[in-house]
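Observations on chain architecture
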Amino acid sequence: MFWLRMTSCLLSLLFPLVSSIMATDQPAGCKIRITDKGLEMLKSETEKFVEEELSNISMPEMRGTEGRFQYTITDVKITELNLTHADLQFIPEVGLMFDVQNSSISLSFHRRILYWFFYDTGNINASAEGVNINTALNLIRDDQGRLKINNITCDAKVSKMRAKFSGTLGRVYDFLASFLTTGMRFLLNQKICPALNHAALVHVNSMLETIPVRTEVDQYIGIDYSLINDPIVTSQSLDMNFRGMFFDLSDPNDTLANYAVDPVIREYDRMVYLALSEFFFDSGMFSYYRAGIFQIHIVNEKMPKDLEMLLRTTYFGTIMMLNPALVEAPLSLQLAVNSPPKTSIKTSGATVVMTATVKVMVLPPGQPPVQLSSMTMESKFNAKVSMKGKRLAVHADLRRFKIFSNQSALESLALIPLQAPLKTMLQMSVVPLINNWTKRGVQIPLADGMDFIEEVVEYHNGFIVIGANLHFNKGLREMISGANQTETNM
């Protein structure tokens, strides 16, 4: 009994560990790498954002007595920041570091001073020099699989501060300057880090929450972009591994297992890289297949006249044997993909193989359809991947096509004349059906306001890699404001 309890206890301890290892070992369907070149472009936006955040620092009123002087300092405002030596870089195994060295801050505040019986008011212009700020952001995967700033470490120091008085008694109480600026420098040191902490943990995280994690693509399928592990940070890049899996909205739990090759990104020359495995595309095809959209019924005006005539000629004998009265009845083709299409990615390009059942039907007026024949159609498509902004699209072109009878080898020979017109029908009906869904594209997990430009697509064995540069069509402040507006509307 003792050993049974011990075994049960060990299993209960090991099961979460094993489950965690299995979860992190799963291949990624989608990977994104942001390089130091991309970070360099983000630096200017970060500087503007930090300047705006520090400009909004609220300083308390200062009042007191120094010798025979009674003073009150109010309306403290930061009028200008000069982040002359700012840097944004990766911290391996941690996240990002924003570092400011030897910069300056200009301030103004209002004074009210009583000296003996003299009362004086006026403005004071001050400058903080030798401003050094070192901020480290720790990036993690949160419980929803979203990129998040987990914590922030900040160290800020203002080396010295100068103030210049104006007004009637300006020269008389210049000696107050050192006293007041010492207090102001102390307060400023205490305010910088809390302001940046709030900016990162609240504002930036709210923007990260707008990046799609599990979202609808259209009325049939959705996509899961949850991170499968914490981001991997090196001195050169930030790598994020996403599940990259589509799912049927009507049955989200009916998903495809990922046995594909894990994508590998080796380059650092571009600002950003997107890698997609065969699983990414297969899960999309699987989800559309489960949703039942790979079906088409060609009848009446949708049926090309030359194809209809050829079908009547081919199946004239069959119709006469069934019922001569059906010779003039309308014919139809019912096409249904009978298994999820399969993607293959090689260095030469990407292809999609699709197998479908094609039924030739005669439609007696007022009666159920009568099947004349059933055949299997095997087709292979070239798939061209492209990016527009932050939407990924695929365009298919028919590469190979063949049909054979499901009933007999002899009938397969009789179907040879149908090969060409059925191929034309496929190009006119089925290929547009596929492209109608894939050309719309799917958004990749980037924040609103960031787009891919100058993309280059490379095909590898089992995956593709898209290298691109980044374009900001919104500033970081505008991106964050948009995120906050979205939360308010919700």
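Here, the structure is the one placed above.
Residue numbers run consecutively from 1 along every chain, following the written order of its sequence. In keeping with the predicted nature of the model, local features appear solely for residues at pLDDT of at least 70, side-chain atom pairs appear and are counted solely at 80 or more, and the whole-chain, interface and lining totals rest on all residues. Here the side-chain values reflect all heavy atoms present in the structure, with hydrogen atoms and water set aside.

**Side note on the sheet that holds strand β8 (residues 214-216)**
Any two strands between which DSSP finds at least two bridges are classified as paired. Put simply, DSSP marks the helices as runs of H or I at least four residues long and the strands as runs of E at least two long, and each gets a number from the N terminus on. Taken in spatial order, the three strands of this open sheet run β8-β9-β12, and their pairing is antiparallel. The sheet terminates laterally at β8 and β12 (245-248), the two strands that pair on one side only. Taken over all neighbouring pairs, the strand axes of this sheet differ in orientation by 25° on average, direction set aside. In terms of strand pairing, β8 meets strand β9 (residues 221-224) through three bridges, oriented antiparallel. Residue pairing across strands places Arg214 opposite Asp224, the latter belonging to β9. In what follows, residue pairs with any heavy atoms lying within 4.5 Å of each other are defined as contacts. As a rule, the C-alpha atoms of each element are fitted with a line to give its axis, helices using only the stretch in contact, and angles between N-to-C directions run from 0 to 180 degrees. Where helix α4 (residues 278-291) meets the sheet, it contacts β9 and β12, and its direction lies at approximately 5° from that of β12.

**Some points on the environment of Ser44**
Topologically, Ser44 is positioned in helix α2 (residues 36-55). When the C-alpha atoms of Ser44 and Asp87 are compared, they prove to be 9.3 Å apart, with 43 residues separating the residues in sequence.

**A look at the sheet that holds strand β21 (residues 450-460)**
Taken together, six strands build an open sheet; the order of strands is β10-β11-β1-β13-β22-β21 and the sheet is antiparallel. Two strands in the sheet have a free side with no partner beyond their single neighbour: β10 (232-233) and β21. With six bridges connecting them, strand β1 (residues 30-35) and strand β11 (residues 237-242) associate as antiparallel partners. By the bridge assignment for β11, Ile32 is matched with Met240. Of the strands in this sheet, β1 and β22 (463-472) are in contact with α2, which crosses β1 at around 60°. Of the strands in this sheet, β1, β13 (272-277) and β22 touch α4, which is tilted by about 55° from β13.

Note that every value here comes from positions in space, so none of it alone points to a role or purpose.
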